[in-house]
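# Observations on chain architecture
For reference, the chains in residue letters:
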Amino acid sequence: MKVKHLVVAFLCMLGCCACSSPKTEVKSPDGHIKMTLTVDENGTPFYNVSVNDSLLIENSKMGFVEGNGVILGGGFRIEKTTFDSKDETWTQPWGENKTNRNHYNEMAVNLINEDQVQLTLRFRVFNDGVGFRYEYNVPNVDSLMITDELTTFHFRQDGTSWSIPASAETYELLYKQQPISEVETANTPFTFKTADGVYGSIHEAALYDFSEMTLKQIGDYTLKAELTPWPDGIKVRKSNHFTTSWRTIQIAPEAVGLINSSLILNLNDPCVLETTDWIRPLKYIGVWWGMHLGVETWKMDERHGATTVNAKKYIDFAAANNIEAVLFEGWNEGWESWGGMQNFDFTKPYADFDIDEIVRYAKEKGIEIIGHHETGGNIPNYERQMDHAMQWYTDHSIHILTRSCFGSGKFRVDGRLRQGEFFRRDIRRLLLSRLAAAAAGFALLPIGTFDAFGTFSPFCTFCTLRALAARTFLTFRLLSLLCSFLSFQTIRAFESFSASSTAAVAAFLTVTASAACTAPFVGSAVTILFLRRLIRLG
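Let us look at the structure shown here. Predicted model, so just to flag it, every value in this text is computed and none were measured. (Residues numbered from 1 in each chain as written. Predicted model: local features only at pLDDT ≥ 70, side-chain atom pairs only at ≥ 80, totals over all residues. Heavy atoms only, no water.)

## A short note on the sheet that holds strand β1 (residues 25–27)
Pairing is antiparallel in the open sheet, where four strands are placed in the order β1-β2-β3-β4. Taken across any chain shown, the strands that pair with only one partner, and hence form the sheet edges, are β1 and β4 (54–61). Adjacent strand axes in the sheet meet at a mean angle of 15 degrees when their direction is disregarded. Pairing analysis gives five bridges linking strand β3 (residues 45–51) to β4, with the strands arranged antiparallel. Across the sheet, Tyr47 pairs through a bridge with Ser60, a residue of β4. (Pairing = 2+ DSSP bridges. Helix = DSSP H or I, 4+ residues; strand = E, 2+ residues; numbered from the N terminus. Axes fitted to C-alpha atoms, helices over the stretch in contact; angles between N-to-C directions.)

Put into structure tokens, the structure is as follows:
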């Protein structure tokens, strides 16, 4: 009898322990996607993602490495878990859809380790995928030097993927179709299809003040996150309290669902601008593609592209074809220094580019001029001139500006990379200052600050404009395929994918990654053509 009572008491104790153990799984609102967190015997967190009760991503490691010995990736135990849900509809001024539904279930898991490092792992599960991010609070230190990210994406099985190789120099690469297991490195978005027929795309969202993520193969169908470093090898510099960008996996039963997904838009913070009335979509052409073809040059010589004569030809073409604006690249002095310090003068046109005559002629034809500032990554040089250069454009009745940070990988000044934390902060600082100036009546607003050579990754570059008008701007990136060097070559490329909607979607996601939106509000005609073609394919 005594033994029986002991057994009953023991069973009751087990039941109480089970009841007190925090639940660490969350499902999508429709129940078909599930995300689960586990912590192993070393206190290392791992996550799993299931689709229709089948594992898609399994036992994937989480965490970071800190250069001064602060433990950010292990020794954790779960303190508590909280859950939340949201179902809202919000509008954007322009994009694929005027209204977007933001519908998810959230799980926030609070962990702590022996060093009293507090970590909240926040998971959001939508009907079209998942997102997760890290929220750290580290006591007893002033700053942190992140040297590595431990996040992995461990696929349960091999599949087919579409991506371009990871590169700190360019997004102008052809995407490759290959097995997941054979991918060495990849820029995101990393698009895939599993043997079970699940389509997906790995990417990131809300990249405001963090280094860009690429992917590296480490074996066993596993891709590991790699962060773009500072010149000294440090990946991210943070205070003792920081939040990362979201790591995202879009999921769909068909390839076209990846384009229709609003998951990354929804993971960006709501727009903080008081008004978006100034956003105006337009179509433009410009002097730049001839330089990339080698027919024309940026610097002034016998093949110079940005000349008064050539500018008038483009203005005439725009006026005759209902195109609203023309952009000129290579108009200002400094292109001779390309490949060196890249010192540009942003108020001194070349002698064969008569800015006053070009402005007068464009006004006569009813065409707007889009200004262009190529920094070459030499941000200190640009910041010294920026206010004067903005006013110079305003004085010449030019009110739209694109800014580019293109270079040859390791930028001139001190080796900073365009995908790194420094450039995220730089563009954010630029936009904040210009928006403040606009609010004070300053006529010029650099609404197109993303260069056409991949200064920023998609969605996350959404990175800086997103930090200000997050949801407002993201769709512009997805839809603005009439971006600099791509122009109508994009549509020609997509025509070759008529036999495969999957290839078309992968190309679309990859191209939008590389097409970094020279002006966020252009390209509607080209995009509509592509989307119509995609609908026919899908």
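Back to the text.
## A look at the packing of aromatic side chains
Inspection of every chain in the model, using the stated rule, returns 23 aromatic pairs. A ring pair is formed by Trp335 and Phe344, whose centres lie 4.9 Å apart and whose planes are at 70 degrees; its orientation type is edge-to-face. An identical accessibility class is assigned to Trp335 and Phe344; each is buried. Here a set of aromatic residues connected by ring pairs shows up, and it is made of Tyr47, Phe64, Phe123, Phe132, Tyr134, Tyr136, Phe210 and Phe242. Taking the ring centre of Trp230 as reference, the NZ or CZ of Arg237 above it sits at 5.0 Å. Positioned above the aromatic ring of Tyr361, the side-chain terminus of Lys312 is 5.0 Å from the ring centre. (Phe/Tyr/Trp six-rings, centres within 6.5 Å; stacked < 30°, edge-to-face > 60°. Buried < 20%, exposed > 50% of the residue type's maximum accessible area, 1.4 Å probe, protein only. Lys NZ or Arg CZ within 6 Å of the ring centre and 35° of its normal.)

## A short note on the pattern of salt bridges
Per the stated rule, a full pass over the model turns up 17 salt bridges. Across the pair Arg133 and Glu135 runs a salt bridge whose closest N-O atoms are separated by 2.9 Å. Judged by relative accessible area, which is 18%, Arg133 ranks as buried. For Lys365, the salt bridge goes to Asp316, with nearest N and O atoms at 3.8 Å. One end of the pair, Lys365, is in helix α6 (residues 355–365); the other, Asp316, is in helix α5 (residues 308–320), with 49 residues separating them in the sequence. Under the relative-accessibility criterion, Lys365 is labelled partly exposed at 35%. One connected set of salt bridges, linked through shared partners, spans Glu106, Arg122, Arg124, Arg133 and Glu135. (Salt bridge = Lys/Arg side-chain N within 4 Å of Asp/Glu carboxyl O.)

In short, shape yes, function no, at least from these values alone.
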